[in-house]
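Residue-level structural notes
Listed below, chain by chain, are the residues.
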Amino acid sequence: MLANPQTRGFRLSPAPGLARLVPEPSQQTPVWCYDDRLPGPEIRVRQGDRLRVVVENGLEEDTTVHWHGVRTPNAMDGVPHLTQAPIASGEAFSYEFDAVDAGTFWYHPHQNSTVQVGRGLYGPLIIEEAEPVRADRELTWMLDDWRLTRDAAISDDFGSRHDLMHNGRVGNTVTINGRVPESIEVHAGERVRLRLINAANARIFALDFADLEPVVIALDGQPVTPHAPTDGLVTLGPAMRADLMLDMKGQPGNRVTVVDRFYKGLEYRLVDLAYAETPLREGAPGWPVELPANPLAEPELRGAIRHEVTFNGGMMGQMVMAEMGGSMGDGSSGGMMGNMMNMMRGDGIWFINGKAATGRVMDPLLTLPRGRTCVLAMTNATAWHHPIHLHGHSFRVLSRNDQPTAHREWQDTVLMAPREKVEIAFVADNPGDWMFHCHILEHQAAGMMGVIRVSGEEERP
Ligand code: C2O
Ligand code: CU
């Protein structure tokens, strides 16, 4: 893969800190962050390198670190009680894994996530291609959304019943790399590779780059056939990433306003790109934009193991289930959805196949034999969007509402619209117990998670 793979050492210390989210004269915000920085320090390695990251817990509570989207061995996945004991306050844990796939990833705790991620614990993890595609400049934007009080403190109403039952903890202040953005300077003719990472607990973004015509070159770190975003909007649910190639086609002195249009009637200006007086070049460079594929096993659909997965619950969930139950085609409205309604008891608000995971040790929802292709036919029988994330694997998104997807994109987190059906496929080649959950962290906390077990002999180094 790479001529000189190296072991690269890093340290991360999660602890309370202060961040200037909002410009002066507003006060600084007490946050929790890595190494006193928000976002946490960029971890950047090359594909094929081995990472060793020592995490020293400076919080007053347990934590872990999960390497979102990276196909690590199970023991390095950072899920408390499932793949490791939580790292207690004052203690350390050393993570070690190979950077098998190039791409845009990120790290965050998997312990008390609504609070720990919500207070600012996250950072970018960039794995460079052996031969990166050419750009004049590379930018990473970690998007986040905060619920701040008037004095710029984080509102402490984490886990409110309303947030749990509706669309999660959506805030009132959006930041790029831990700052309410001012304008960003660009140059006419410049080509920028923009890595977008949605680190928000719950906010979904749909970015409109006006006349810039972004080209999507990777999703969730994985290369995709370069294409214009659907409806011109780059849509990212929590935890999702997109790599864009942007050619700055405007004139010196121009401004481009990037607008987030996801929530109808609540569109707002995210940031302005301001062209400097001096152009970089005439016209756009003609460099190729297609990224080399990562070493993912190709799903073999013939003979694949197929499982149905249904998501239920939340506000108005009964209504949606009754509605969708009527169209299940089994001749009765009391079919699968009806049974599920009866199963939905207990503490949970959100359910996967009728079960809400609220305890710490969980029996697997599904067990997959190692090495087999698995198709998950997923139904969102709720009135809300859910970004569904599987650990330890990337999957191809095969279809939406029975229509094949245009790019069969690889993702690790797939955004499902209310009532939508999505089929994904992957080779279950990474043994262990893997989390499978909604990445709206309030939904996860209120039951929308489970464990998928890939059974087989664990390889020992
Ligand atoms: Cu971003 Cu279960 O994780
Ligand atoms: Cu959800």
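The present account deals with the structure reproduced in this document. (Residues numbered from 1 in each chain as written. Chains lettered and ligands numbered in written order. Predicted model: local features only at pLDDT ≥ 70, side-chain atom pairs only at ≥ 80, totals over all residues. Heavy atoms only, no water.)

Examining the overall build of the protein
- Along its length, the protein carries five helices and 32 strands.
- For the protein, whose C-alpha radius of gyration is 22 Å, the value lies close to the compact-globule estimate of 23 Å for 461 residues.
- Projected onto the principal axes, the alpha-carbon positions of the protein cover approximately 65 × 55 × 50 Å.
- Pairs at least 24 residues apart make up 77% of the contacts formed inside the protein by residues separated by at least 6 positions.
- With the model as given, the accessible surface of the protein reaches about 18700 Å², and the carbon-plus-sulfur share is 48%.
- Once the 42 positive and 59 negative side-chain charges of the protein are each reduced to a mean point, those two points are 1 Å apart. (Helix = DSSP H or I, 4+ residues; strand = E, 2+ residues; numbered from the N terminus. Rg over C-alpha atoms; globule rule 2.2 N^0.38 Å. Contact = heavy atoms within 4.5 Å. Areas by Shrake-Rupley, 256 points an atom, 1.4 Å probe, with all protein chains shown as cover. Lys, Arg positive; Asp, Glu negative; His and termini not counted. Charge placed at Lys NZ, Arg CZ, Asp CG, Glu CD.)

Some thoughts on the pattern of salt bridges
- Evaluated as defined, the whole model comprises 34 salt bridges.
- Across the salt bridge formed by Arg 71 and Asp 101, the nearest N and O atoms sit 2.7 Å from each other. Here Asp 101 lies in the loop between β7 (92–98) and β8 (103–108) and Arg 71 lies in the loop between β6 (66–68) and β7, a separation of 30 residues in the sequence.
- Judged by its relative accessible area of 2%, Asp 101 falls in the buried class.
- Across the pair Arg 269 and Asp 272 runs a salt bridge whose closest N-O atoms are separated by 3.2 Å.
- Here the residues in one salt-bridge network are Glu 42, Arg 44, Arg 46, Glu 128, Glu 129, Glu 138, Arg 193, Arg 195 and Asp 243, joined through shared partners. (Salt bridge = Lys/Arg side-chain N within 4 Å of Asp/Glu carboxyl O. Buried < 20%, exposed > 50% of the residue type's maximum accessible area, 1.4 Å probe, protein only.)

Details of unusual backbone geometry
- The omega torsion across Glu 24 and Pro 25 is 10°, close enough to zero to call that bond cis.
- In this structure, Pro 25 sits in the loop between β2 (14–19) and β3 (29–34).
- Put simply, Leu 38 and Pro 39 share a cis peptide bond, and its omega is -5°.
- Of note, Pro 39 is situated in the loop between β3 and β4 (43–46).
- Of note in this structure, Met 316 is not a glycine but carries a positive phi near 70°.
- Looking at Met 316, the relative accessible area reads 44%, which means it is partly exposed.

Considering the sheet that holds strand β11 (residues 173–176)
- An order of β11-β10-β13-β18-β15-β16 is seen for the six strands of this open sheet, with the pairing classed as mixed. The two strands at the open ends of the sheet, each matched to only one other strand, are β11 and β16 (222–227). Taken over all neighbouring pairs, the strand axes of this sheet differ in orientation by 25° on average, direction set aside.
- Where strand β15 (residues 215–219) meets β16, three bridges bridge the pair, whose relative direction is antiparallel. From the neighbouring strand, Val 216 faces β16, where its bridge partner is His 227. (Pairing = 2+ DSSP bridges. Axes fitted to C-alpha atoms, helices over the stretch in contact; angles between N-to-C directions.)

Looking at the pairing of strand β30 (residues 421–427)
- For β30, a buried count of six out of seven residues is recorded, marking the element as mostly surrounded by other parts of the structure.
- Where strand β24 (residues 373–380) and β30 come together, seven bridges link them in antiparallel fashion. Considered in β30, the bridge of Met 378 is made with Val 422.
- When strand β26 (residues 395–400) meets β30, the two strands line up antiparallel, connected through four bridges. Among the inter-strand pairings, Arg 396 is bridged to a residue of β30, identified as Ala 425.

Quick notes on the coordination of the copper ion (ligand 2)
- For the copper ion (ligand 2), the full set of protein donor atoms is His 386 (ND1), Cys 438 (SG) and His 443 (ND1), and the range of their distances to it is 2.0 to 2.1 Å.
- Donor residues for the copper ion (ligand 2) sit on one chain with the sequence pattern H-x51-C-x4-H.
- On the basis of relative accessible area, His 443 is assigned to the buried category, the value being 0%. (Donors = N, O, S within 2.8 Å, 3.2 Å for Na, K, Ca; no water.)

Section: the side chain of Glu 190
- With respect to the helices and strands, the residue Glu 190 is situated in the loop between β12 (184–186) and β13 (191–198).
- Overall, Glu 190 belongs to the buried group, its relative accessible area being 5%.

Here's the deal with helix α3 (residues 317–325)
- Of all the positions in α3, only Gly 317, Val 320, Met 321, Met 324 and Gly 325 are classed as buried. Down the axis of α3, the sector holding all buried residues measures 130°, keeping them to one side. (Arc of directions from axis to C-beta.)

A look at the sheet that holds strand β1 (residues 7–12)
- The sheet built from three strands is open, its strands ordered β1-β5-β7 with mixed pairing. Edge positions in the open sheet fall to β1 and β7, since each of these has one partner strand only. Averaged over all adjacent pairs, the angle separating strand axes in this sheet is 15°, with direction ignored.
- Here β1 runs beside strand β5 (residues 50–56); their pairing, made up of six bridges, is parallel. When the sheet's bridge partners are listed, Gly 9 is paired in β5 with Arg 52.

A few points about a nonpolar patch on the surface
- On the surface, Met 315, Met 316 and Met 319 cluster together into a nonpolar patch covering about 280 Å² of accessible area.
- With respect to the element layout, Met 315 can be found in the loop between β21 (305–313) and α3. (Patch = residues over 30% accessible without salt bridge, like charges linked within 9 Å, V, L, I, M, F, W, Y side chains within 5 Å.)

What about the environment of Asp 77?
- Tracing the backbone shows Asp 77 in the loop between β6 and β7.
- Residues Asp 77 and His 110 lie 33 residues apart in sequence; the distance between their C-alpha atoms is 9.3 Å.
- Residues contacting Asp 77, with those up to four places away along its chain left out, are Val 65, His 66, Trp 67, Thr 72, Thr 83, His 391 and Trp 434.

Keep in mind these numbers describe shape, not what the thing actually does.
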